[in-house]
Amino acid sequence: MFSLPPFSLETTGKSAHELASVADLFAAHTPVNIAFLGNESHAQRIQAAATIKSLGLEPTPIISSRRLQSKEDFYHYVDPLVKQSHIKRLMVVGGDPKQPQGPYNDSIGLLKSDLLKSCELETVVIAGYPEGHPHIRSQQLIESLKWKVAFLKQQNVKVEITTQLAFCTESIVKWIETIRSSGIHEPIRIGVPSSTRVKTLSYFAQQFGVEISAASLEKYAMDTTDETLEAKTDALYQELTQTIKRHGYENIYFHLYTLDGMVKSKAWLENFLRP
Ligand SMILES: NC(=O)C1=CN([C@@H]2O[C@H](COP(=O)(O)OP(=O)(O)OC[C@H]3O[C@@H](n4cnc5c(N)ncnc54)[C@H](O)[C@@H]3O)[C@@H](O)[C@H]2O)C=CC1
Ligand SMILES: Nc1nc(=O)c2c([nH]1)NC[C@@H]1CN(c3ccc(C(=O)N[C@@H](CCC(=O)O)C(=O)O)cc3)CN21
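This one's a predicted model, so the numbers in the text were calculated from it and none came from an experiment.

Draft legend 1. Main features of the site of ligand 1. As a matter of local geometry, ligand 1 sits amid 18 residues, with Asp106, Ser107, Tyr129, Gln140 and Lys148 nearest to it. Separating an oxygen atom of ligand 1 from a side-chain N or O atom of Asp106 is a distance of 2.6 Å. Residue Tyr129 places a side-chain N or O atom 2.6 Å away from an oxygen atom belonging to ligand 1. The protein chains hide 86% of the 780 Å² of surface that ligand 1 would expose on its own. If one sorts the elements of the shell around ligand 1 by residue count, helix α4 (residues 138–154) sits on top with three residues.

Laid out in structure tokens, this is it:
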């Protein structure tokens, strides 16, 4: 029996309450990211953080730089997170809007603004893209990532990298090699899907700007025309875990996108996470 690396999780404002039914499957202080969605309010995200904290897990709210409307908007979100949920972790991303909705164009702009200093964070999480990004060149992504890691280390904050949803073992391993050979040895959490309905998976992949290659579709039995089929993503974990071990990479974990929701994923999680 091989052992899987520990997981972190992703939730949304409206779905965080579902964590109550699966929380005991995860180690105490398992990080749970709260996606920053355009159709949810700060109040929903703040409530999600409180729920996560009350379950003994570690809220990691995501800040979408381009969605922030002002400096005050940042404090309206982050102050209650600090006061009510004593957050120690934040993830900072650029944000999907084509044009910034306020003064922050990207993660670097937000980090440079000094705002994070006000919240006494232990860890700042940044994003990685093993399979690239539809609008940002891979070289630009890597250069930005290097800048962010160096900047945050200088500020004495711990840095972690959590990746976008990814499916292709070869691309993931190649990307880890690029990061590690740049002298970056911080924790990496590889974003992978739970055993989700193929239809749901392809919907979200498209939303996130991730392409599922024909090879991956075949490998994980993903027939996108079958509305009820489950993607056999277990093979992805097994292959990744073995490949990572073979290369001797350290400090690599998984970040689980349960896109059908935690409740629907419960049976799979129980079966899968049991040692
Ligand atoms: N909302 C969420 O939960 C998540 C969103 N994302 C998306 O990934 C993208 C990049 O974020 P980061 O890795 O933090 O990059 P970043 O903010 O560090 O920027 C990297 C480079 O790409 C440029 N850039 C940033 N956002 C862009 C955009 N929307 N369109 C074109 N160029 C852009 C920046 O100016 C910079 O040169 C964003 O679109 C973000 O929304 C990724 C993960 C989670
Ligand atoms: N470019 C980009 N933009 C994003 O907004 C984004 C990414 N990438 N990468 C991954 C994260 C995760 N994100 C999301 C977005 C929506 C749900 C969502 O709607 N989830 C369902 C849960 C499923 C269910 O309960 O059935 C929900 O209703 O909350 C989850 C994660 C957004 N994220």
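On we go.
Draft legend 2. Just the sheet that holds strand β7 (residues 188–193), in detail. Read once around its circumference, the closed barrel built from eight strands follows the order β1-β2-β3-β4-β5-β6-β7-β8, with strand pairing classed as parallel. Ignoring strand direction, the axes of neighbouring strands in this sheet form an average angle of 30°. In the sheet, strand β4 (residues 89–93) pairs with strand β5 (residues 123–128) via three bridges, with the strands oriented parallel. When the bridges of β5 are listed, Met91 appears paired with Val125.

Draft legend 3. View of the pattern of salt bridges. Inspection of the entire model under this criterion finds nine salt bridges. For Glu58, the salt bridge goes to Lys88, with nearest N and O atoms at 3.9 Å. Note that Glu58 is positioned in strand β3 (residues 58–64) and Lys88 in the loop between α2 (71–85) and β4, a separation of 30 residues in sequence. In this structure Glu58 comes out as buried when scored by relative accessible area, which is 6%. Judged by its relative accessible area of 31%, Lys88 is partly exposed.

Parameters and conventions
- Residues numbered from 1 in each chain as written.
- Chains lettered and ligands numbered in written order.
- Predicted model: local features only at pLDDT ≥ 70, side-chain atom pairs only at ≥ 80, totals over all residues.
- Heavy atoms only, no water.
- Near = heavy atom within 4 Å.
- Polar contact = N/O pair within 3.5 Å; in protein donor to acceptor, adjacent residues only side chain to side chain.
- Areas by Shrake-Rupley, 256 points an atom, 1.4 Å probe, with all protein chains shown as cover.
- Helix = DSSP H or I, 4+ residues; strand = E, 2+ residues; numbered from the N terminus.
- Pairing = 2+ DSSP bridges.
- Axes fitted to C-alpha atoms, helices over the stretch in contact; angles between N-to-C directions.
- Salt bridge = Lys/Arg side-chain N within 4 Å of Asp/Glu carboxyl O.
- Buried < 20%, exposed > 50% of the residue type's maximum accessible area, 1.4 Å probe, protein only.

Without other data, these values stay purely geometric and don't point to any function.
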